[in-house]
Amino acid sequence: MEHNQDEDLNPYSEDEDQNETKKKTDGDQTKTTTGGTLSNLHSTGFKDFLLKAELIRAISEAGFEHPSEVQVNAIPRALEGKDIICQAKSGMGKTAVFVLAILQSIDSKKPDPVSALVLVHTKELAYQIHREFERLGKYLVSVKSQVFYGGISVEKDRERLTEDPAIVVGTPARILDLYRRKYLKFDKLRFFVLDECDKMLDQKEMGRDITEIFTKTPIDKQVMMLSATFSKEVRKLASKFMQDSEEILIDDEAKLVLEGILQYYVNVREDQKNKKLSDLLDNLLFNQVIIFVSKVERAIELNKILRECNFPSLTIHSGLNVEDRIERYKQFKEGIGRILVSTDLFARGVDMEKVNIVINYDMPKPLTDKQDEIDTYLHRVGRTARFGTKGLAISFVSSPDELETLKKVQERFVLKISELPDTIETDQYMNQS
Ligand code: AMP
């Protein structure tokens, strides 16, 4: 069964004391809370996790010198086989937590088919995680990963499943479809991962699919749930999937202020946005920029205008077919096209390390009653300053509602967003090589 609606935009379709680690036991759940920075980490190396030599080699080739704070805290717990709920800010290496834990724990010579299942909410994120399994699992030649999502022929999926991948990454609707057709079996499953889990569980239909998939998997398995934001409701829901879980919080939400990101707003009338945008693109220094708009039609139109003005722009939105989406994702990831116009499809999880500027051409709008526009702001802006680099976020404000959203963002994340000054020093938002 394929869902009509898309899996992205609308429902369905991280001072000394800060780095202190606090542990407390709460019912049958253990909590670890730390300040979320990259400093003071250099005493720990990936070797301290006693990982397989094949993994250490791939980690080194990936250019990872030291584990990030979330990795230092979560990888040992994950390797113990504990269920974990892991909250850490965007871009601090959450993916490698479960990717490394799974690759380390799976039999490297003769892994069972579908030993691990990773569910995510968009096709692009599924593809990105699958690629991370391939990159870090490069020297574990018998451990195969495959990715499955809607928009691709189910029969092609069936063929790929005959290769018995040990790791399956996908979006819930397609995974459930493959299960119901008996193409996919979960009887050997040992790892169940939900990435960007609040985004997944707050969507009714997606939540239902996830629950159904979950009930078809063996009771004895390790559950890992990860996200930058966890609302109270989602935390409660998530706990239903876990046994004796450990909660790892790299900073609390109020401090999830996106370190390293310079944030400004601009008061601009709707009919002056294009002129302002073009001025910014002409005057700011950037490696890559993501411009967020509210609707697919606006993404298409704005991209057209930018291209007409000779800006190297491309767009990704849910109106494209899946091949086009993945192709454009790859192009942007490889740096072909330096400006990406996107809907909220790209607001979460997607990792583009060269992006140093995010522009909210339209401020985020509320999505569901549990997922608000403030979370979306955090996730959108988190597309820059990945892994401790610098970044700049500029929000266009053109209505009282958008001004209200800006106010709420500042209250929730305890930060001050000032009006864009006439000049900004480049070294404030761009890493100098
Ligand atoms: P994530 O938060 O998982 O999306 O990761 C953000 C970026 O950081 C990705 O490009 C990762 O490849 C990269 N990354 C993850 N862990 C490390 C590490 N220990 N050292 C350097 N880069 C890393």
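Bear in mind that the values here come from a model prediction, so they are computed numbers and not experimental data.

What counts and what doesn't
Starting from 1, residues in each chain are numbered consecutively following that chain's sequence as written. Per-residue local features are limited, in this predicted model, to residues with pLDDT of at least 70; the limit for side-chain atom pairs, both in listing and counting, is 80 or more; totals at the level of whole chains, interfaces and linings are taken over all residues. Once C-beta atoms are placed from the backbone, each residue is buried if 20 or more other C-beta atoms lie within 10 Å of its own, exposed if 12 or fewer, and partly exposed for counts between those two. The numbering of helices and of strands both runs from the N terminus, where a helix is a DSSP run of H or I of at least 4 residues and a strand a run of E of at least 2. For two strands to pair, DSSP has to find at least two bridges joining them. The handedness of a crossover follows from its direction of travel: if, with the strands pointing away from the viewer, the path from the first strand over the helix to the second runs clockwise, the crossover is right-handed. Nonpolar cores are built from buried Ala, Val, Leu, Ile, Met, Phe, Trp, Tyr and Cys residues. These are joined into a set through C-beta atoms within 7 Å. Any residue pair is listed as a contact if its two C-beta atoms, each placed from the backbone, are within 7 Å.

K.L.:
Explain the pairing of strand β6 (residues 167–170) here, please?
P.N.:
Sheet faces and side chains relate simply in a regular strand, where the side chains alternate between the two faces. Residues Ile167 and Val169 line one face of β6 and the alternating positions Val168 and Gly170 line the opposite face, and both faces are buried. The pairing of strand β4 (residues 116–119) with β6 spans four bridges and is parallel. Bridge assignment links Leu117 to a residue of β6, and that residue is Val168. For strand β5 (residues 145–148) and β6, the ladder comprises four bridges, and the chain directions are parallel. The partner of Ser145 across the bridge, within β6, is Ile167. For the crossover from β5 across helix α6 (residues 154–161) to β6, the handedness is right-handed.

K.L.:
I would appreciate a short explanation of the nonpolar core in the present structure.
P.N.:
Among the nonpolar cores identified, the biggest contains 110 residues, and Cys86, Val97, Phe98, Leu100, Leu119, Leu136 and Ile291 are the most heavily contacted of them. It is helix α4 (residues 94–105) that provides the largest number of residues to this core, a total of eight residues. Once residues lying within four places of it in the same chain are set aside, the contact partners of Leu136 are Leu55, Ala58, Ile59, Ala62, Ala96, Val99, Leu100 and Leu103.

K.L.:
Even after reading the chapter, I still don't get the environment of Leu79, so can you show me in this structure?
P.N.:
Position of Leu79 among the secondary structure elements: in helix α3 (residues 69–79). Each C-alpha atom of the pair Leu79 and Phe49 lies 8.5 Å from the other, and the pair is 30 residues apart in sequence. Dropping the residues within four chain positions of it, Leu79 is found in contact with Phe49, Ala101 and Gln104.

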